[in-house]
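Structural features, examined
Below, each chain spelled out in residue letters.
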Amino acid sequence: MGFTQRTMFCGEPRVSDAGRQVTVNGWAHKVRDLGGLLFVDLRDRSGLVQIIFDPEKGTPEVRSETCLSVTGTVRERDGANKNANIGTGDVEIVAETWEVLNQAAVLPFPVSDESQMGKVNEELRIKHRYLDLRRPSMYRKLAVRSSLISRIRRHLDSKGFLEVETPIITKSTPEGARDYLVPYRLEPGKFYALPQSPQQYKQLLMVAGIERYYQIAKCFRDESQRSDRQPEFTQLDLEMSYVNQEDVLNVIEEMTLDVVNGLIEEFDLDKERVQPFARMTYDEALAKYGSDKPDLRFGVEIFDHTAASKGSAFGVFANTVEAGNFVRGLRYEGGAKLSRKEVGELEELCKSAGAKGMASLYVEDPANEIEGSLRTGKGRRVRGAAAKFLVPDEADRLIEAAQAEPGDLVCVVADTWAVTNEALNKLRLHIGTARGLRDPRKLAFAYVLDFPLVEWNEDEQRWDPSHHPFTSPKSADMQYIDTDPGRMRADCYDLVCNGVEMASGSIRIHQPEMQARVFDLIGVDKQAQQERFGHILEAFSYGAPPHGGMAPGIDRLVMALMDEENIREVMAFPKIGNGYDPMMDAPSTVDEAQWKDMGLQITPAPKP
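Residues numbered from 1 in each chain as written. Predicted model: local features only at pLDDT ≥ 70, side-chain atom pairs only at ≥ 80, totals over all residues. Heavy atoms only, no water.

**So, the overall build of the chain**
Selection criterion: Numbering of helices and strands runs from the N terminus; a helix is a DSSP stretch of H or I covering at least four residues, while a strand is a stretch of E covering at least two. Exposed residues in this analysis have more than 50% of their type's maximum accessible area, buried residues have under 20%, and partly exposed residues fall in between, with area computed by a 1.4 Å probe over protein chains only. When checking whether two residues touch, look at their non-hydrogen atoms; a contact exists if any pair is within 4.5 Å.
Within the chain, the regular secondary structure consists of 15 helices and 23 strands. Considered along the principal axes of its C-alpha atoms, the chain spans approximately 95 × 75 × 60 Å. Each of the 608 residues in the chain was classed as buried or not, and the buried ones make up 48%. Residue pairs in contact within the chain that sit at least 24 positions apart in sequence constitute 65% of those at least 6 positions apart.

**Looking at the pattern of salt bridges**
What counts is decided by this rule: Salt bridge criterion: a side-chain nitrogen from Lys or Arg within 4 Å of a carboxyl oxygen from Asp or Glu.
What the rule picks out here adds up to 50 salt bridges. Glu239 is the partner of Arg508 in a salt bridge, and the nearest nitrogen-oxygen pair spans 2.8 Å. Of this pair, Arg508 sits in the loop between strand 22 (500-507) and helix 12 (512-521) while Glu239 sits in strand 10 (residues 232-241), and the two are 269 residues apart along the sequence. No difference in accessibility class separates Arg508 from Glu239, as the two residues are buried. Across the salt bridge formed by Asp563 and Lys271, the nearest N and O atoms sit 2.3 Å from each other. Highlighted residues: Asp563 in the loop between helix 14 (554-561) and helix 15 (592-598) and Lys271 in the loop between helix 6 (245-266) and strand 11 (278-281), separated in sequence by 292 residues. Judged by relative accessible area, Asp563 falls into the partly exposed class, the value being 45%.

**So, the sheet that holds strand 16 (residues 381-383)**
Hydrogen bonds along the backbone pair up the strands of a sheet, which may run parallel or antiparallel. Test applied: A pair of strands counts as paired when DSSP detects no fewer than two bridges linking them. All axes are obtained by fitting lines to C-alpha atoms, using only the stretch in contact for helices, and the reported angles, taken between N-to-C directions, cover 0 to 180 degrees.
One open sheet accounts for six strands, arranged 12-13-17-14-16-15; its pairing is antiparallel. Looking along the sheet, the strands with just one partner apiece sit at the ends: strand 12 (303-304) and strand 15 (374-375). Note: strand 14 (residues 359-364) against strand 16, three bridges, orientation antiparallel. Paired with Val363 across the strands is Val382, a residue of strand 16. Helix 9 (residues 340-352) contacts strand 13 (326-332), strand 14 and strand 17 (409-415) of the sheet and is inclined by roughly 30° relative to strand 17. Packing of helix 11 (residues 417-434) onto the sheet brings it into contact with strand 13 and strand 17, and relative to strand 13 it is tilted by some 0°.

**As for the packing of aromatic side chains**
Short version of the rule: Only Phe, Tyr and Trp rings take part, Trp by its six-membered ring, and two of them pair if their centres are within 6.5 Å. Stacked means planes under 30 degrees apart, edge-to-face means over 60, and tilted covers everything else.
Taken as a whole and judged by the stated rule, the model has twelve aromatic pairs. Their ring planes at 85° and their centres at 5.2 Å tell us that Phe53 and Trp98 sit as a pair that is edge-to-face. Note that Phe53 is positioned in strand 3 (residues 47-53) and Trp98 in strand 5 (residues 91-102), a separation of 45 residues in sequence. Assessed through its relative accessible area of 24%, Trp98 is described here as partly exposed.

**Examining the side chain of Thr306**
Basically, it comes down to this: Polar contact is defined as a pair of N or O atoms within 3.5 Å, subject to the rule that within protein one atom must be able to donate a hydrogen and the other to accept it, and that residues adjacent in sequence are counted only when both atoms are side-chain atoms.
Counting through the fold element by element, Thr306 comes out in the loop between strand 12 and helix 8 (315-322). Looking at Thr306, the relative accessible area reads 12%, which means it is buried. A polar contact of 2.6 Å, which involves the side chain of Thr306, links it to the side chain of Asp304. Looking at Thr306, its side chain comes within polar contact range of the main-chain nitrogen of Val327, at 3.0 Å.

**A few points about the environment of Lys310**
Here Lys310 lies in the loop between strand 12 and helix 8. Judged by its relative accessible area of 69%, Lys310 falls in the exposed class. In sequence terms Lys310 and Ile51 are 259 residues apart; their C-alpha atoms lie 78 Å from each other.

**Some thoughts on helix 11**
Residue pairs spaced three or four apart in an α-helix point in one direction, given the helix's 3.6 residues per turn. In plain terms, the rule: Take the number of residues in a helix, subtract one, and multiply by 1.5 Å to get its expected span.
In this model helix 11 runs 25 Å from its N-terminal to its C-terminal C-alpha over 18 residues, within 8% of the 26 Å that 1.5 Å per residue would give. Looking only at helix 11, the buried set comprises Val419, Thr420, Asn421, Ala423, Leu424, Asn425, Leu427, Arg428, Ile431 and Gly432. Close packing links the buried residues of helix 11 with helix 7 (282-289), strand 13, helix 9 and strand 17. Positive phi shows up at Gly436, right after helix 11, with a value of about 70°.

**Looking at the nonpolar core**
General note: in soluble globular proteins, nonpolar side chains tend to be found buried as a group. Worth spelling out the cut-off: The term nonpolar core refers to a set of buried residues drawn from Ala, Val, Leu, Ile, Met, Phe, Trp, Tyr and Cys, joined through side-chain atoms within 4.5 Å.
Core analysis: the biggest nonpolar cluster contains 46 residues, and Ile152, Phe445, Leu495 and Leu561 have the highest contact counts within it. When residues of this core are traced back to their parent elements, those giving at least two are helix 4 (136-158), strand 9 (212-220), strand 10, helix 6, strand 18 (445-449), strand 21 (492-497), strand 22 and helix 14. If one sorts the elements of this core by residue count, helix 6 sits on top with nine residues. Apart from the residues lying within four places of it in its own chain, the contact partners of Phe445 are Thr256, Val274, Phe277, Ala278, Leu495, Val496, Cys497, Met502 and Leu557.

**Digging into a nonpolar patch on the surface**
We count it as follows: A patch consists of residues whose relative accessible area exceeds 30% and which take part in no salt bridge; residues with like charges are grouped when within 9 Å of each other, and nonpolar side chains (Val, Leu, Ile, Met, Phe, Trp, Tyr) when within 5 Å. Residue exposure ignores everything except the shown protein chains as possible cover, and the areas themselves are Shrake-Rupley values with a 1.4 Å probe.
Residues Ile168, Ile169 and Tyr192 make up a contiguous nonpolar surface patch of roughly 240 Å² in combined accessible area. Along the chain, Ile168 turns up in the loop between strand 6 (162-163) and strand 7 (180-183). For Ile168, a relative accessible area of 40% puts it in the partly exposed group.

**So, the pairing of strand 10**
Of all ten residues making up strand 10, nine are buried, and the element is well covered by its neighbours. Both strand 9 and strand 10 contribute to a ladder of nine bridges, which runs antiparallel. Considered in strand 10, the bridge of Lys218 is made with Thr234. As defined by bridge partners, strand 10 adjoins strand 23 (residues 547-550) across four bridges and the pair is classed as antiparallel. Across the sheet, Glu239 pairs through a bridge with Gly549, a residue of strand 23.

**Quick look at empty space enclosed by the protein**
Rules: Each cavity reported here is a set of points on a 1 Å grid over the protein atoms alone in which a 1.4 Å probe fits but cannot get out, each pocket an open set with protein on both sides within 12 Å along at least five of seven lines, and each lining residue one with an atom within 4 Å of a point. Grid points are joined across faces, edges and corners, and a volume is the space filled by probe spheres set on the points. Any residue outside Ala, Val, Leu, Ile, Met, Phe, Trp, Tyr, Cys, Pro, Asp, Glu, Lys and Arg is labelled polar, Gly included; the first ten of those are nonpolar and the last four are charged.
Per the counting criterion, the structure on display carries two cavities of 30 Å³ or more. A volume near 90 Å³ is recorded for the largest cavity. Taken together, 13 residues line the largest cavity, and the ones lying closest to its centre are Met255, Thr256, Pro552, Gly553 and Leu557. Of all the secondary-structure elements, those providing two or more residues to the lining of the largest cavity are helix 6 and helix 14. Per-element tally for the lining of the largest cavity: the top contributor is helix 6, with four residues. A class-by-class count of the residues in the lining of the largest cavity yields eleven nonpolar, two polar and no charged. In this structure, the second largest cavity occupies an estimated 40 Å³ of space. Along the walls of the second largest cavity sit His305, Ala308, Ser312, Phe317, Leu390, Glu394, Arg397 and Leu398, which together make up its complete lining. Sort the elements by how many residues they give to the lining of the second largest cavity and helix 10 (residues 392-402) lands first, with three residues. Residue composition of the lining of the second largest cavity, grouped by class: four nonpolar, two polar and two charged.

**Re helix 14**
In terms of residue burial, helix 14 counts as a mostly covered element, since eight of its eight residues are buried. All of the buried residues along helix 14 are Ile554, Asp555, Arg556, Leu557, Val558, Met559, Ala560 and Leu561. On its buried side, helix 14 packs onto helix 4, strand 10, helix 6, strand 18 and strand 22. At the exit of helix 14 stands Asp563, carrying a positive phi of roughly 55°.

This is how it looks when you write it as structure tokens:
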């Protein structure tokens, strides 16, 4: 069926086009019938323009989201009727002829009303995602994403990288999450797996001499859903040969600055230009911020009061230190004005992270003799739970460790290293939000370096890789591999931004003997090494070069640019909870013939 094709996009007409006859195609964004004079805001991907239908020429039967083709004359609007909020607000098109290309049924939600769309159930939006994506706000996210990927490609192409596609159906070699398995029809009982990452393939490309590889890679992980996770996601996969850690970090930083700052300018995003990346070790990140992915848009650093709490008059502090644990805290600037209830909420926040509680010390103006307050040895005035148990000199030392001033609140957690990290990280982020320090205009990127090579798995009584088993240990720490593996650091690094992990990478093991030793360490026996990883061990025996890389997450980077907290908002067709797609009704059952074809049968789940 033919129709009159556009001569201009809806977002293009300007005053300079007045008197010109044009044809526009698009959807009826809003329809207003003012006593017979019909106004339609027609929208396509470029924007929208107001169409006027004269009742003397007839008017179309049209409702919101009806697909139209309209031919008419551009004219300038009267001064009082101009709309400065849109690019075409100075003009309108007087319709002469039109075609209803497809009448829209009653909509499941008001596509044209952004304020109302914020109240629409997310599952309903994703069920009708093709309508949800018509919204200009959603189109903008996909446009940013598209430009991001284009800019990455241009940048890496200019640096001598080769884009290579790796297989989607491959061998199951679990990397921390469950694999999605694909039955192999020709030999029942055998399975392909969808890749959790192209990790082994990109290392094999380095063995093959590609030297500089990248790919915009689809990855699949069968794991619990969160706001920043999806069963399938997209990452920039990148690998280089004959490099050290510094080389990889410099390539990623240069690319990110180029791409992100270019996007900020192209789309006029409400963001400050990204600055060169901060750097810190894993140990420094935990000591200062309680997290290996700290939000560096603000300070509020953790102080350690462990040594000063030895033999404290406050039994909680003294007993914690005696047990070999830690006394650490934060300064809450201006926190002395918080009510008892608000401080109680801070304590509950710490308890939710596993802490037994939180000791609080209000630092008051020395001139104010508040009921229940005490004077320290240096003339300060304090009150609160900690003040009741600390001798005056101890209170002074705690205030000085926190660098607190009158009007501040000192918050202290006494517990294990892991619990104090978890609790104080939560508390720090709460303070940052409450004080308005987490500026959404800032993207504070940082590298976190020197992670542990392995972590002890208490449940399984074994060492697990902190990142993945192909990560190279630091050569200086190889002396501990047989005696104290927990002391070994890895040549690995994370890129974080605003408290979110954006990328992970490492220098890889490239020698088969070293790879076998690491497999031994993490409990992969010789037989399993050959069955699961024999191909890569053999490849390393043929002169594999030193190599390393990184894999920034495309979805998470778009989330940061668009101020979105949910990954589903920046993907065209996401899944909801439990990996369900309400639009396609997937996953779904398959017919019995397909089961037989694959040599499979359903076994009823055991009764509880």
